[in-house]
Amino acid sequence: MILSKFRLPHLARSSYQKLRRFGKTAFSPRYLLYTNVIISGQISAMGDVIQQNYQLSKPNANDSWDPKRTAMMLGAGACLSPIVHFWYLNLDKFIPGNTIKIAAIKLIPDLLLFSPIYILIFLIATGLMEGQSWDSFKKEVKNKSAGLFSVEVCLWTPAQFFNFYLLPTRFRVMYDNFVSLIADVLYSYFRYDYNSDDDDDDDAEDVDKIRTSKKKLQLE
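Residues numbered from 1 in each chain as written. Predicted model: local features only at pLDDT ≥ 70, side-chain atom pairs only at ≥ 80, totals over all residues. Heavy atoms only, no water.

Visitor: Help me understand the overall build of the protein chain, please; the structure alone is not making it clear to me.
Guide: The secondary structure content of the protein chain amounts to seven helices and zero strands. Ordering the α and β elements of the protein chain from the N terminus gives α-α-α-α-α-α-α. (Helix = DSSP H or I, 4+ residues; strand = E, 2+ residues; numbered from the N terminus.)

Here is the structure:
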């Protein structure tokens, strides 16, 4: 008992030091890209799990948890992570500083240039993993882009202003990952659970086409 009292603080201190060394290595410039890929994929998957659990908690929910969908969100998050990594690396390089003016300037290309590209690549990645047809992909872009862009405007714009203006570089990854979890829940919703009026119209058109083709076959 006496020995255990002395060993526990030593073990805790030793574990903390090992964890700290691991964190420094993982978030060092050499390994930061790989760390971001792993973390981003896991956070995207976690966001989808949260969104699916929310949908399944509704009274009229008939489906069960879809692990394939979560895997696709994980894959999309991992694919997008290197693009995000190099975008912000170069953004800080070309627009250095953290004043209010600089933070506002950084938001312009981030929202107007990078966000549409990010959304398009996200839809391409999930569409490829699903085996989507070209026509289905075009409908997806048409019907889901506005909802996804609203996430960028309403969530990421104020979040990134806070990021660019106030946070030191060493805290940005942790902060971005926290915001990303919220964003990934919303991305999962708009990608898989949101049905716009255009979606309903497209579905109605598809039903009408099927009915028309059936009638033609019966007449023949």
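After that view, the rundown keeps rolling.
Visitor: Please clarify how the confidence of the model for the protein chain should be interpreted in this entry.
Guide: Detailed reading of the predicted model is not advised wherever pLDDT is low. Here the protein chain averages 82 in pLDDT, and 82% of its residues register 70 or above. Element-level mean pLDDT values for the protein chain span from 48 in helix 7 (residues 197-219) up to 93 in helix 4 (residues 100-130). Low pLDDT, under 50, characterises residues 206-217; the stretch is placed with one contact to residues that sit more than four places away or in other chains. (pLDDT = per-residue confidence, 0-100. Contact = heavy atoms within 4.5 Å.)

Visitor: Mind showing me how you'd approach the packing of aromatic side chains here?
Guide: Centre-to-centre distance and the angle between the planes together describe a pair of aromatic rings. What the rule picks out here adds up to 12 aromatic pairs. Members of the aromatic cluster, each reached through a chain of ring pairs, are Trp 87, Tyr 88, Phe 114, Tyr 118, Phe 122, Phe 164 and Tyr 187. One Lys or Arg, Arg 191, reaches over the ring of Tyr 192 and ends 4.8 Å from the middle of that ring. (Phe/Tyr/Trp six-rings, centres within 6.5 Å; stacked < 30°, edge-to-face > 60°. Lys NZ or Arg CZ within 6 Å of the ring centre and 35° of its normal.)

Visitor: Can you help me understand the packing of helix 2 (residues 32-56) against helix 3 (residues 67-94) in this one?
Guide: Axis angle and axis distance: for two packed helices, these are the angle between their axes and the distance between the axes, and together they describe the pair. Running from N to C, helix 2 and helix 3 cross one another at 140°; their axes reach a closest spacing of 7 Å. Both helix 2 and helix 3 take part in a crossing whose hand is right-handed. Each of Leu 32, Leu 33, Asn 36, Val 37, Ser 40, Gly 41, Ser 44, Ala 45, Asp 48, Val 49, Gln 51 and Gln 52 in helix 2 lies in contact with helix 3, whose residues at this interface are Arg 69, Thr 70, Met 73, Leu 74, Gly 77, Ala 78, Ser 81, Pro 82, His 85 and Phe 86. (Axes fitted to C-alpha atoms, helices over the stretch in contact; angles between N-to-C directions. Left-handed = near helix turned anticlockwise from the far one by under 90°.)

Visitor: Is there a simple way to explain the nonpolar core in this structure?
Guide: Generally speaking, soluble globular proteins have nonpolar side chains that are buried together. Within the largest apolar cluster, 31 residues are counted, with the highest numbers of intra-cluster contacts made by Phe 122, Leu 148 and Tyr 187. Elements with a contribution of two residues or more to this core: helix 3, helix 4, helix 5 (134-166) and helix 6 (172-193). It is helix 4 that contributes the most residues to this core, nine residues altogether. Contact partners of Tyr 187, with chain neighbours within four places excluded, come to Tyr 118, Ile 119, Phe 122, Leu 148, Val 151 and Glu 152. (Core = buried A, V, L, I, M, F, W, Y, C linked by side-chain atoms within 4.5 Å. Buried < 20%, exposed > 50% of the residue type's maximum accessible area, 1.4 Å probe, protein only.)

Visitor: Got a minute to help me understand the pattern of salt bridges in this structure?
Guide: Once the charged atoms of two side chains with opposite charge are near each other, the side chains can pair. If you walk through the whole model with that rule in mind, you get seven salt bridges. Among the ionic pairs, Glu 140 bridges to Lys 144, the shortest N-O distance being 3.0 Å. In this pair, Glu 140 and Lys 144 both sit in helix 5, four residues apart, roughly one turn of the helix. Both residues of the pair, Glu 140 and Lys 144, belong to the buried class. Between Glu 140 and Arg 191 there is a salt bridge, with its nearest N and O atoms 3.1 Å apart. (Salt bridge = Lys/Arg side-chain N within 4 Å of Asp/Glu carboxyl O.)

Visitor: Is there a simple way to explain a nonpolar patch on the surface in this structure?
Guide: On the surface, Leu 120, Ile 124 and Leu 128 cluster together into a nonpolar patch covering about 280 Å² of accessible area. Here Leu 120 shows up in helix 4. Residue class for Leu 120 comes out partly exposed when judged on its relative accessible area of 39%. (Patch = residues over 30% accessible without salt bridge, like charges linked within 9 Å, V, L, I, M, F, W, Y side chains within 5 Å. Areas by Shrake-Rupley, 256 points an atom, 1.4 Å probe, with all protein chains shown as cover.)

Visitor: Could you clarify how one ought to interpret the side chain of Ser 188 in this entry?
Guide: Looking at where Ser 188 falls in the secondary structure, it is placed in helix 6. Its relative accessible area of 0% is what places Ser 188 among the buried residues. One polar contact links Ser 188 to Arg 69, side chain to side chain, over a distance of 2.7 Å. When residues no more than four places from it in sequence are discounted, the contact partners of Ser 188 are Asp 48, Gln 51, Arg 69, Met 73 and Asp 193. (Polar contact = N/O pair within 3.5 Å; in protein donor to acceptor, adjacent residues only side chain to side chain.)

Visitor: Looking at this structure, I do not really get helix 3. What am I missing?
Guide: Structural remark: α-helix, 3.6 residues per turn; residues separated by three or four positions point the same way. Between the first and last C-alpha of helix 3 there are 41 Å, a value that for 28 residues agrees with the 40 Å anticipated at 1.5 Å per step. Its axis deflected by about 30° at Ser 81, helix 3 carries its strongest bend there, up to four residues before the proline Pro 82. N-capping of helix 3 is provided by Asp 66, with a side-chain oxygen placed 3.1 Å from the backbone N of Lys 68. (Expected span 1.5 Å × (residues − 1). Bend = angle between axes of the 7 residues up to and from the residue.)

Visitor: Would you explain helix 4 in this entry?
Guide: In this model, helix 4 (31 residues) spans 42 Å end to end at C-alpha, consistent with the 45 Å of a helix rising 1.5 Å per residue. Of all the bends in helix 4, the greatest, near 40°, is centred on Phe 114, and the proline Pro 116 appears no more than four residues after it. Once helix 4 ends, the next one or two residues include Gly 131, with phi positive near 75°.

Visitor: What should I look at first to understand the packing of helix 3 against helix 4 in this one?
Guide: The interhelical angle for the contact between helix 3 and helix 4, taken along N-to-C directions, is 155°, at an axis separation of 10 Å. Between helix 3 and helix 4, the angle falls in the class roughly antiparallel. Classified by chirality, the crossing of helix 4 by helix 3 is right-handed. Between helix 3 and helix 4, the contacting residues are Met 72, Met 73, Gly 75, Ala 76, Leu 80, Ile 83, Val 84, Trp 87, Tyr 88, Leu 91 and Asp 92 on the first element and Lys 106, Pro 109, Asp 110, Leu 113, Phe 114, Tyr 118, Ile 121, Phe 122, Ala 125, Thr 126, Met 129 and Glu 130 on the second. (Parallel < 35°, antiparallel > 145°, perpendicular 65-115°, else oblique.)

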